[in-house]
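Letter by letter, the chains look like this.
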Amino acid sequence: MTRLFSIILLAFISTIGANAKNNATTDSVNSVIANCAIDSRSFLLQATHMSYAGRDYQVLPATNYISVSGDNVIIQVSPQGAPEIPGTLTQSGTITRWKEKTRKNGDREIDFKIKSLSRVINVNILIYKGSNEGVAMVDGPSKIYLTGTIGKFIKGKVVEGFVRP
């Protein structure tokens with residue numbers, strides 16, 4: 001009985017180790033994909049959490065995102081995933097400034113400015129080293145923080161609301 005328990009325990013521990021190794025490999029691959037997408041300026045940050053006016057929201061990634069394709073950007077922020085709720089922002093524009101730096105700890109920071117017909121918005125995105133996860137600060141009429149994952153921009157992966165010029 002003790003021997004059977006030992007075998008089961010060893011099998012369980014090796015499974016945990018294998019899962020940890022698979023998770024590390026997945027994180028590494030996702031990190032490479034995110035960084036390549038950013039390098040090519042064709043990426044999508046899909047948020048699962050948002051902070052606005054001191055309140056935190058869980059949000060839907062399909063309706064809360066920053067999409068960059070070349071110099072064109074669309075930012076959509078919709079608390080509770082509903083585009084009709086007041087406070088929703090859907091803004092398109094052109095990148096007029098783009099700066100990148102790598103922090104001492106390996107995190108990557110991208111800072112860019114978007115100009116549209118009606119306003120200027122500053123965006124700062126921090127991508128954590130070895131991951132595709134990051135946080136973006138959108139500084140327009142007010143500051144909004146989006147936390148989520150970054151990947152290659154794929155048209156049709158998000159739902160776009162009414163875009164303000």
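(A) Inspection of the packing of aromatic side chains at higher detail. Under the defined criterion, the tally for this structure stands at 2 aromatic pairs. When the centroid spacing of 5.2 Å and the interplanar angle of 20° are considered together, the rings of Trp98 and Phe112 count as stacked. One end of the pair, Trp98, is in strand β5 (residues 89–102); the other, Phe112, is in strand β6 (residues 108–115), with 14 residues separating them in the sequence. For Trp98, a relative accessible area of 17% translates into the label buried. On the basis of relative accessible area, Phe112 is assigned to the buried category, the value being 0%. Among the aromatic residues, those joined into a cluster by ring pairs are Phe43, Trp98 and Phe112. Sitting above the plane of the Trp98 ring, Arg41 keeps its charged end 4.1 Å from the centroid.

(B) Local environment of the side chain of Gln76. On the secondary structure map, Gln76 appears in strand β4 (residues 72–77). Look at Gln76 and you get buried, because its relative accessible area is 0%. Looking at Gln76, its side chain comes within polar contact range of the side chain of Thr90, at 3.1 Å.

(C) Geometry of unusual backbone geometry. Its identity as a non-glycine residue notwithstanding, Arg41 has a phi of 55°, on the positive side. Within the secondary structure, Arg41 is located in the loop between α1 (2–39) and β1 (42–52). Given the relative accessible area of 21%, Arg41 is considered partly exposed.

(D) Up close: the pattern of salt bridges. Applying the stated criterion to the full structure yields 5 salt bridges. A salt bridge links Glu100 to Arg108; its shortest N-O distance comes to 2.5 Å. Its relative accessible area of 39% is what places Glu100 among the partly exposed residues. Two residues, Arg103 and Glu109, come together in a salt bridge whose shortest N-O distance is 3.2 Å. The class for Glu109 is buried, based on a relative accessible area of 14%. Ionic contacts of the salt-bridge type, sharing partners, join the residues Asp39, Glu100 and Arg108 into one network.

What counts, and where the lines are drawn
- Numbering of residues begins from 1 in every chain and follows the order in which that chain's sequence is written.
- For a predicted model such as this one, the threshold for reporting local features is a pLDDT of at least 70, and the threshold for listing and counting side-chain atom pairs is 80 or more; totals across whole chains, interfaces and linings nevertheless cover every residue.
- Excluding hydrogens and water, the side-chain figures rest on all heavy atoms present in the structure.
- Stacked, edge-to-face and tilted labels apply to pairs of Phe, Tyr and Trp rings (six-membered ring for Trp) whose centres lie within 6.5 Å, assigned for plane angles under 30 degrees, over 60, and everything in between, in that order.
- Elements are defined by DSSP. Helices are runs of H or I of four residues or more, strands are runs of E of two residues or more, and each kind is numbered from the N terminus.
- With a 1.4 Å probe rolled over the protein chains alone, any residue whose accessible area is under 20% of its type maximum counts as buried; one over 50% counts as exposed, and the rest are partly exposed.
- Only when the NZ atom of a Lys or the CZ atom of an Arg is both within 6 Å of the ring centre and within 35 degrees of the ring normal do we say a charge sits over the ring.
- In protein, a polar contact means a hydrogen-donor-capable atom and an acceptor-capable atom, both N or O and within 3.5 Å, with residues adjacent in sequence counting only if both atoms are side-chain atoms; elsewhere, any N or O pair within 3.5 Å suffices.
- The salt bridge definition used is simple: a Lys or Arg side-chain nitrogen within 4 Å of an Asp or Glu carboxyl oxygen.

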